[in-house]
Structures are given as C-alpha cells and as structure tokens.
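Each chain, written out:
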Amino acid sequence: MDQMKMGKKAGTKDAMQKMTMKEILAEQKFLTRLCFNASPKGMILHIFESVKLQVSIFFEGVWIMNYVLGIAERGGEGAWSRVLWCMLLFMAILTVSTVTFAYYKHSMLPKLLPVLHREFRMYLYERTKDLDLACYDETDFYQKFILATEESDACIDRYLDTVELYCAYTTRFVLSIGFCIMVNPLILAVSVAALIVELWLADRENRLNVASRMERVPYEQKREYQNRVFYLSEYAKDLRLYPDMQEKCRQDFSGSQEKIRGIHCRYGKKLFFFAGIRDALVGSYLWQGISWSLLLYQLLVQHTLSYAGALSSLKAVDYVSLSVNSMIAGWKKVMENSAYMHHIRSLVQIQSTVVSRLNLPVDTEKPVEFDIRDVTFSYQSGRPVLKNISLKIHPKQKIALVGYNGSGKTTLVKLLLRLYDPDSGVICRNGTDIRDYEVTAYRHSIGSVFQDFKIYAASLKENVLMDIGKNTKKESYDVEQALYEAHFTLQDQRLVYQIETPLMTEFEKDGVSLSGGEMQKVAIARTLYRRQQLIIMDEPGSALDPLAEYQLNQEMNEIAKDKTVVFISHRLSTARDADCIYMMEQGRIIEAGTHEQLLAANGKYAQMWKVQAGLYLDQT
C-alpha cells in the first residue's frame, strides 16, 4: 500500500469528475435492468408504494386544505358537516396509506434487499472468476476489486433509496407545481430558477465528495489492514512475541488516519463553499422568502387570492421546496452511485488474455510430456523472472526444480498450469501448444499443490473435493483413500463427524483447527483424489517433519509411478530420487542432471547439497 502512486489516485478522481450525464444515466439504466430482472414484482411494488404515499400526503396537505378552508370562508348551512366528513375521509385514507407503506418498508423491503444483493454479487462473481491471475498483480485492479466487493450491496441500497425518493418527490413536485400554476405562474419560474442553481451547486459538491472518497481509499485500506492485524488470531502470537511490531502497526495506523484527516481538511473548504451557498442562500430561505412575498402581495395588495388559496399555495410552495431539495440530495446519491458503478463495471469489463485459441479437448488418459522452448516471462514490473528457459519433461518422468528463493521455480510451474502466458517462447503438451487447449479443462487435468495453499471454512470432505459433492459412497471412499495416501489420520478424536467434520472454528462450534502439517496433508489429498496424469507440487512437505516427509515421498513415488510429476523442493534430500533435477538461479537453468551427476559436477547444486545435507554426502 505504501507504494501506491498519487498519480493513480488522481486519475481515478479525474475519471469520476468527468462522468457525463449519458454515462451517469447508463449506470442507472444498468442497475434498473439488473433489479427488475432479479425481482420485477418487488420493484413494481417498491415504486407503487413510494408514489401512493406521496399522493395521499399531497391531497391531505394541499388540496384538502384548500377545499376545507374554502368551505369555511364561504360558510353557509351544513359547512361544518361537509368539512368534518371530508377531514375524516382523508384522514382514514392517509392512515391506511401510511400503515401499508410502513408494512412494506419494514416487512416486504427487507425480503427484497437480499434478493437484489445476491443478484449483483453473482453478477460480480460470474464476471471476475475467470480473470487472469496477472490482474491481481496490478494495484489499480486490486483497488477496484476491493471497492467493488465493499460497495456492491451499498450500490443496490443507494439505488433503491433513489428510486423511492425520485418516485415519491417527483410525484409530490408535479402535483405541487400543477397546483401552484393554477394560483400564480411566477411560482413556477422561481422554482425552475432555484432548481437550476441548486443542481449546479449540488453537482460541484458531489464531485468533490467522490474525489475525496476515492483519494481516501488506499489509506482506508491500509488503516483497515492494521486494524485487522490487532484482532485476527493468526497475528496474536507474533504481536506478543515482538512487541515492537505492535508499535510499528500503531504508528502505521496513526499515519493512515492522519492522511485521511489531511484529505478531509483539504476538501473541507471547497465543500463548505458550495454546500454553504446552496444550504444558506438557495436551499430554503431565499426561495421560500420570494415565494411567500409573491403570494402575500397577491393576497394583501392585488386581492387576487383568497385566504384558502394563499395558505394552500404556501403549503404547495413548501412541498415544491422540499421536493427540489430532496431530489437534489437524491441526485447527489445518483452521481455517487454512478461513480462507484463506473468503477465496478470497468472491473467486470476487463477481458481475460489467457484464452484458448482452438478450444481443443485434453486427453486426460494419455501420459503427459512437455516441451518447453526458449520461454521468457516477466510480471508487471517488467523485469524478466524467467530467461530463455528450455527443457523437456518425458512421460512418467519425475522432475525436481531446485534453487534458492526468487530463482523462478514457482513461476515456471505457474506457466505450466497456464495461470500466465509467457512473454515469448512456447510450451507444448504432448506436441500441442498449451494455448490451443480449452483453458478450464487444461487446468483441471493437472493436479497441483502450492506452498501458499488455502483451507476453506467447509467440511474436510469438501476441502478435498474442491467441488460440489455428489454424496455417493464411492465419492466418500475416494476422499478417505486420498487422505490415507496423504498420511492424514481420520482416527483423530477431534474429527467427530469424520470427513464431514467442519474445518475452522469461525462459523462452526464443532469445527476443527488443523495444524500446519495436517493442512498440508489435506492439500496433498486434493491432488491425489483426482488421479491426473500430471502432478505439480510446490514444496509438498515443507510443513511436515522429516519422517512424515520421507513417508510421503515414498508413498508419492508408488502412487505416481505411472504419472508425470514436477515438484519444487528446497530440501535436496527430497529431490535426490528424481529422474532429472534442474538447478535454477536468477530465472535461468544453470545445471541439469541426476543427483549423482550434479554432485559429480561439483557446481551450485553440489554446494547447496553440502550446506544442507553433508551427512548424505558422506553416505554416498
């Protein structure tokens, strides 16, 4: 986070400030289509309830006032009776309308919101699940992704609020303006003039608010990260063993908070200028003062208005003022929502570059061989991580990639898995460029375990399947067999429900927290369960004790004797039984051969072996 450039934040801010009316309306159109597709009846009811209540309020507050006071001014026999019955009728109507709206607001709307939230979340998940892994290497993408997940529900909530607000206050505004036109057309001119000025001021204020929010995003993310460090269990031990890190985290938190405060201060003066003028001069007092003066002049000087007309017109003017201010506030929310939607939709419109050229099927039964020719690759930094890598992996061969950290071993297997495409060079599987295979099928045909694997808050069985289970006896047997082969013991008393036992205690009181070695065995079982012809393992035994690692290696040799295996290991005792060992350094293959051949060459591999396993050297 500390390396985030102000230029990127400024670019984001400028993009928000340059949104055109067409773009704003396009984002609202998208939300409208999404919500109506998810729940058409719910949206129609939402609009109906919003309009119905405001019609009732207007007729009770303006039309009935004019009618009743008119009767009172004219007087005559039966005036009181007519007034009483009229008031009772509309009070009953308003009461029914208010109660039904409250029922909708507190009973029906809470049922609608989860449906719309789910629809939008599924839209995001569906369109981002296949994005290139390279996207996650870009700070700008990651910021947008975080913003999308944080704001998705809020975007729906804001949209529903603005739909309700605009349906309600547009209804009240139209009815009130219509009534005012009948009394005095000048009221309409004043309303339009005030509306134009308020819209301009509100637009400037909203752009500043959005710019401020976008500039705060990276610092808020860092602040939230430091906050998580203090309450997440995985940091608790380190923070107690290294108290100085606690102070460092506190300083970083305070620094982020100070940056946020500085942004607020910098934008505060401009916001005060635009918001202050709008609220103090245009928002209420000036407009109402002019409107009242015009109506009183007609009543007291021109005598063109009755008292009933004047009072009801004043009420209508108040409704116009309230409607205009509410719609302006709503427009601010529309613009804010459009700004966030612009970011979210720009995220989902990113096109994957790791795509299939021919969509060829993958023969999952045929033994796997690879021909890697002159492959060069670099991440976003532009610095080559792999340089002119060439090697061949023959069917059923066991290949070990060794070398110090940063030599490019993990990057090479990511290219084999086609999580990335090389900058240059070709990777062929069984004579076919891997870019010609259907991507998902190709990846699924390879069993892999990475050093940074994850265990999910799901059952032990689901963590092995990594798929939606079929709940068959054979499936359960195969899962248990894979766990057995990975030396994961199901006799542990904590596994009350055996393979159905939930892992992690965050959501399940009967959940089990596994040790690092146990979690690694579960990750290995994932690969063994699928029985693919190619297995890639990145430090498969790093969390195991030496005896468990030795047993696992022996088991893997037996299980994978008819399969192609590529594994990365820092422990050369694990690599010694490989058919071919490739020693990597700074993105290049500097040595290749069997364990004995590399020791005889007395190069970098031999030096590494002597440092790690001198005892083994004495035994050879």
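Provided above is the structure to which this section pertains.
A quick note: this is a predicted structure, and the numbers were derived from the prediction, not measured.

Novice: Before we go on, may I ask you to explain the packing of aromatic side chains in this structure?
Specialist: Given two aromatic rings, one states the distance between the centres and the angle between the planes to describe the pair. All told, the structure shown has 6 aromatic pairs when counted by the stated rule. Ring geometry for Tyr379 versus Tyr420: centroids 5.4 Å apart, planes at 85°, classification edge-to-face. With Tyr379 in the loop between β1 (370–378) and β2 (384–393) and Tyr420 in the loop between α11 (409–416) and β4 (424–429), this pair connects stretches of sequence that are 41 residues apart. Overall, Tyr420 belongs to the buried group, its relative accessible area being 5%. When the ring of Tyr437 is compared with that of Tyr442, the centres are 5.9 Å apart and the planes differ by 10°; the resulting orientation is stacked. By relative accessible area, Tyr437 is classed as buried at 7%. Ring pairs connect the aromatic residues Phe30, Phe120 and Tyr123, which therefore count as one cluster. Its guanidinium or amino end placed over the ring of Phe30, Arg345 lies 4.4 Å from that ring's centre, counting from NZ or CZ.

Novice: Can you help me understand the sheet that holds strand β10 (residues 588–593) in this one?
Specialist: Adjacent strands of a sheet form backbone hydrogen bonds with each other and so pair up, either parallel or antiparallel. Pairing is mixed across the open sheet formed by 6 strands, whose spatial order is β6-β7-β8-β3-β9-β10. Two strands bound the open sheet, and with one partner strand each, they are β6 (446–449) and β10. On average, each strand axis in the sheet is inclined to that of its neighbour by 15°, with strand direction left out of account. Across 4 bridges, strand β3 (residues 398–402) lies against strand β8 (residues 564–568) in parallel orientation. Counted as the bridge partner of Ala400 is Phe567 from β8. Contacts from helix α15 (residues 516–530) reach β6 and β7 (534–538), with the element oriented near 175° to β6.

Novice: Where do I start with the side chain of Asn463 in this structure?
Specialist: Along the chain, the position of Asn463 falls in helix α13 (residues 460–465). A polar atom in the side chain of Asn463 sits 2.8 Å from the backbone nitrogen of Tyr456. Those residues within four positions of Asn463 in sequence are excluded, and the remaining contacts are Ile455, Tyr456, Ala458, Leu503, Val522 and Arg526.

Novice: For this particular structure, what's the right way to read the pairing of β4?
Specialist: A regular strand carries its side chains on alternate faces of the sheet. Judged from the 5 bridges that link them, β1 and β4 form a sheet pairing that is antiparallel. The residue of β4 that forms the bridge with Arg373 is Val426. By the bridge criterion, 2 bridges tie β4 to strand β5 (residues 432–433) in an arrangement that is antiparallel. Note that in β5 the partner of Cys428 across the bridge is Asp433. The loop that links β4 with its antiparallel partner β5 comprises 2 residues; one of these, Asn430, has a positive phi angle of about 50°.

So, how was this worked out
Residues numbered from 1 in each chain as written. Predicted model: local features only at pLDDT ≥ 70, side-chain atom pairs only at ≥ 80, totals over all residues. Heavy atoms only, no water. Phe/Tyr/Trp six-rings, centres within 6.5 Å; stacked < 30°, edge-to-face > 60°. Helix = DSSP H or I, 4+ residues; strand = E, 2+ residues; numbered from the N terminus. Buried < 20%, exposed > 50% of the residue type's maximum accessible area, 1.4 Å probe, protein only. Lys NZ or Arg CZ within 6 Å of the ring centre and 35° of its normal. Pairing = 2+ DSSP bridges. Axes fitted to C-alpha atoms, helices over the stretch in contact; angles between N-to-C directions. Contact = heavy atoms within 4.5 Å. Polar contact = N/O pair within 3.5 Å; in protein donor to acceptor, adjacent residues only side chain to side chain.

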